[in-house]
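For reference, the chains in residue letters:
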Amino acid sequence: MPDFTVPPAARHRAILIVDDSPANLGMLRTMMMQQGYQTFVATTGERALSIARRVRPDLILLDVVMPGIDGFETCRKLKEHLSTEHIPVIFMSARSETEDIVAGFDIGAADYISKPLRMAEVCARVRAQLQMRSASEAQKEQAERLRRIVHGMDEGLVIVEASGRIQYGNPACERYLGYGPNELAGRPLSDLLGGTLAQEYLDYFAACATDPAAVHQAGAREVLIRHSDGALRAMDLTLSPMVADEPLFIGLLHDITHHKRSETALQHAAMVDQLTQIANRRHFDHFLEKEWQRALRSGQPLSLIVLDVDHFKLYNDALGHAAGDLCLQKVAAALQSRALRTTDLAARYGGEEFVLLFAETTQDAALVLAESICALVESLHLPHPGSPTSEWLTVSIGVASIVPTKFDRVEQFFVTADREMYAAKAAGRNRVGSTGSGAG
Ligand SMILES: Nc1nc2c(ncn2[C@@H]2O[C@H](COP(=O)(O)OP(=O)(O)OP(=O)(O)O)[C@@H](O)[C@H]2O)c(=O)[nH]1
């Protein structure tokens, strides 16, 4: 006895039954309905084609021998049409010679049932076909969902073969690297990564091929990737083995150019005085510490200049704070123009106080530099109406020089230069103070 319970998958499934014998048609229809399928019937091939195109059934039970176009021809036409080509067709025929069956499959049939029909067998074959169709639909749906995810991702995704050949690059990846659609596929990894780095990955791929279990997942690392215009971009790259039949590696690319730019901007901001755009105190202290250590090792002299604008309070009082700011910017630019070597640094140390460090510079050379800076500032001819010293803006400078030993302290070096600067102020301003006593 056939099983009349309705399998859940049967619901909503539509079957088109095509047979020129009304008796067969009636019997099959009853059986299919009892199985819970929605049914459509046709007694000719032409009618079957028009119903199939309209209702797109999930399966067609198709008689082979019919007047007009026969079952084989009907099937051929179904397979030719985009809207019906995927519908599984089960032939039913009394012609059950091997060559008939083979011909049926060659045309594209999913199955072939011999007549006279045994209803339980028809039901089982219909059920099997519908299950296969469900499975392949689910697979297609999942593949489509994955395709959309990969296409819509902001992150670049590449699939690389163990040989280093790029098999696929998603649109984000092509966009990041300046390639058009499908232009990445087929290229070697070395088109994107520098020779050494590409070789490192090839070695990793080879190690994965020899002993997949022993190879750890390669974490994200910052790499420079070559854009199609030849420029190098900073990106985070994660390349790890993919579980697949062939050895493939999946790479995730995250463009960090913007991040890098803001990181650089932040680093710059942390080192630079906002008003004057020369080095700030923090940067100077760090630089001095480094040069101090270097001088300890090399035995070369270090010279420090401390510079303070004369009567700056009076300048602000006479011309306003905004003019004062502008004046500090001009003084800073003048100082910067004297710090030319990579071992020189000019910085704003606070308020209207500036410092300059000259590594590998003797006290005599530093004094010449300090005198020239003093003269340079006065030669800017920045009017200073309130100054009792000069009609122009002037500065007082203190100089200290030292060949540091392990017994010396940076703080004392600073104190010496500061004292010299105050001595210059006391001696009438617009001058350089230096007793030549060194840091001690
Ligand atoms: N416009 C402006 N003024 C500043 C800034 N930083 C500090 N000052 C001013 O600089 C002035 C420093 O004044 P003082 O320390 O009394 O020294 P001075 O008037 O320069 O006199 P001497 O150093 O003795 O020649 C103060 O009035 C501060 O307000 C700044 O960033 N912009």
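- Where an unreviewed UniProt entry is consulted, the protein appears under the name diguanylate cyclase, with the organism given as Massilia psychrophila.
- The record in UniProt for the protein states the following under Catalytic activity (unreviewed entry): "2 GTP = 3',3'-c-di-GMP + 2 diphosphate".

1. Brief notes about the overall build of the protein
Phase 1: Each helix and strand counted, the protein has 13 helices and 15 strands in total.
Phase 2: Counting only residues that meet the buried cut, the protein has 33% of its 440 residues in that class.
Phase 3: Residue pairs in contact within the protein that sit at least 24 positions apart in sequence constitute 57% of those at least 6 positions apart.

2. Regarding the UniProt feature "modified residue: 4-aspartylphosphate" (unreviewed entry) in the protein
Phase 1: The sites that UniProt annotates as "modified residue: 4-aspartylphosphate" (unreviewed entry) are Asp63.
Phase 2: Here aspartate 63 shows up in strand 3 (residues 59-63).

3. Examining the site of the ligand
Phase 1: Lining the immediate surroundings of the ligand are 16 residues, of which Asp310, Phe312, Lys313, Gly324 and Gly351 lie closest.
Phase 2: Those elements that provide at least two residues to the shell around the ligand are strand 11 (302-309), helix 10 (312-319) and helix 11 (321-336).
Phase 3: By residue class, the composition of the shell around the ligand is five nonpolar, five polar and six charged.

4. Comments concerning the pairing of strand 11
Consecutive residues of a regular strand have side chains that alternate between opposite faces of the sheet.
Phase 1: Burial runs high along strand 11: eight of the eight residues are buried.
Phase 2: Burial along strand 11 is two-sided: the residues Leu302, Leu304, Val306 and Asp308 and Ser303, Ile305, Leu307 and Val309 are all buried.
Phase 3: Bridge count for strand 11 against strand 13 (residues 353-359) is seven bridges, and the pairing is antiparallel. Across the sheet, the residue bridging to leucine 302 is alanine 359, located in strand 13.
Phase 4: As paired elements, strand 11 and strand 14 (residues 395-402) share eight bridges and run antiparallel to each other. Each residue of the ladder has a partner; that of valine 309, found in strand 14, is valine 395.

5. Focus: helix 9 (residues 281-298)
Side chains that are three or four residues apart share a direction in an α-helix, a result of its 3.6 residues per turn.
Phase 1: Its 18 residues give helix 9 an end-to-end C-alpha distance of 25 Å, which sits within 8% of 26 Å, the value for a rise of 1.5 Å per residue.
Phase 2: Taken together, the buried positions of helix 9 are Phe284, Leu288, Glu291 and Ala295. Angularly, the buried residues of helix 9 cover 75° about the axis, an arc narrow enough to put them on a single face. More than 90 degrees from the buried face of helix 9, the exposed residues found are Glu289, Lys290, Gln293 and Arg297.
Phase 3: Buried-residue contacts for helix 9 involve strand 11, strand 12 (344-350), strand 13 and helix 13 (410-426).
Phase 4: Phi for glycine 299, located one or two positions after helix 9, is positive at around 75°.

6. Thoughts on the packing of helix 10 against helix 11
Phase 1: Contact pair helix 10 / helix 11: the axes reach a minimum separation of 7 Å and the direction vectors enclose 130°. Between helix 10 and helix 11, the angle is such that the two are oblique. Counting all contacts with helix 10, which are made through Phe312, Tyr315, Asn316 and Leu319, the residues of helix 11 involved are His321, Ala323, Gly324 and Cys327.
Phase 2: A breakdown of the residues in the contact of helix 10 with helix 11 according to their chemical character gives five nonpolar, three polar and no charged.

7. Comments concerning the packing of helix 2 (residues 45-55) against helix 3 (residues 71-80)
Phase 1: Helix 3 packs onto helix 2 with a crossing angle of 25° between their chain directions and a minimal axis gap of 9 Å. Compared by their axis directions, helix 2 and helix 3 come out roughly parallel. For the pair helix 2 and helix 3, the crossing hand works out as right-handed. Taking contact as the criterion, the partners of Gly45, Ala48, Leu49 and Ala52 in helix 2 are, on helix 3, Gly71, Glu73, Thr74, Lys77 and Leu78.
Phase 2: Within the contact of helix 2 with helix 3, the residues separate by chemical class into four nonpolar, three polar and two charged.

8. Description of the nonpolar core
If you look at soluble globular proteins, the nonpolar side chains tend to sit buried side by side.
Phase 1: If you look at the biggest cluster of nonpolar residues, it comprises 46 residues, and the most contacted ones within it are Ile305 and Ile397.
Phase 2: Aside from chain neighbours lying at most four places away, what touches isoleucine 397 is Ile305, Leu307, Ala370, Ile373, Cys374, Met421, Ala424, Val432 and Gly433.
Phase 3: Of all hydrophobic cores here, the second largest spans 32 residues; its members include Met31, Phe40, Ala42 and Tyr112.

9. Looking at the sheet that holds strand 9 (residues 232-242)
Phase 1: What the five strands build is an open sheet, ordered 7-6-10-9-8; its pairing is antiparallel. At either margin of the open sheet sits one strand with a lone partner, and together these are strand 7 (166-169) and strand 8 (221-226). Geometrically, the sheet is characterised by an average inter-axis angle of 35° between neighbouring strands, direction not taken into account.
Phase 2: Across six bridges, the pairing between strand 6 (residues 156-161) and strand 10 (residues 248-255) is antiparallel. The residue of strand 10 that forms the bridge with leucine 157 is leucine 252.

10. Some words on the environment of glutamine 329
Phase 1: Mapped onto the fold, glutamine 329 is located in helix 11.
Phase 2: Glutamine 329 sits in the partly exposed class, given 16 other C-beta atoms within 10 Å.
Phase 3: For the pair glutamine 329 and leucine 275, spaced 54 residues apart in sequence, the C-alpha separation works out to 6.9 Å.

11. Observations regarding the sheet that holds strand 2 (residues 38-42)
Phase 1: Reading across from one edge, 2-1-3-4-5 is the order of the five strands in this open sheet, with parallel pairing throughout. Two strands bound the open sheet, and with one partner strand each, they are strand 2 and strand 5 (111-114). Between one strand axis and the next, the sheet turns through 20° on average, direction left out of account.

So, how was this worked out
- Residues numbered from 1 in each chain as written.
- Predicted model: local features only at pLDDT ≥ 70, side-chain atom pairs only at ≥ 80, totals over all residues.
- UniProt positions renumbered as here; feature names shortened; annotations may be inferred.
- Helix = DSSP H or I, 4+ residues; strand = E, 2+ residues; numbered from the N terminus.
- Buried ≥ 20, exposed ≤ 12 C-beta atoms within 10 Å, placed from the backbone.
- Contact = placed C-beta atoms within 7 Å.
- Near = placed C-beta within 6 Å.
- Nonpolar A, V, L, I, M, F, W, Y, C, P; charged D, E, K, R; others polar.
- Pairing = 2+ DSSP bridges.
- Expected span 1.5 Å × (residues − 1).
- Arc of directions from axis to C-beta.
- Axes fitted to C-alpha atoms, helices over the stretch in contact; angles between N-to-C directions.
- Parallel < 35°, antiparallel > 145°, perpendicular 65-115°, else oblique.
- Left-handed = near helix turned anticlockwise from the far one by under 90°.
- Core = buried A, V, L, I, M, F, W, Y, C linked by C-beta atoms within 7 Å.

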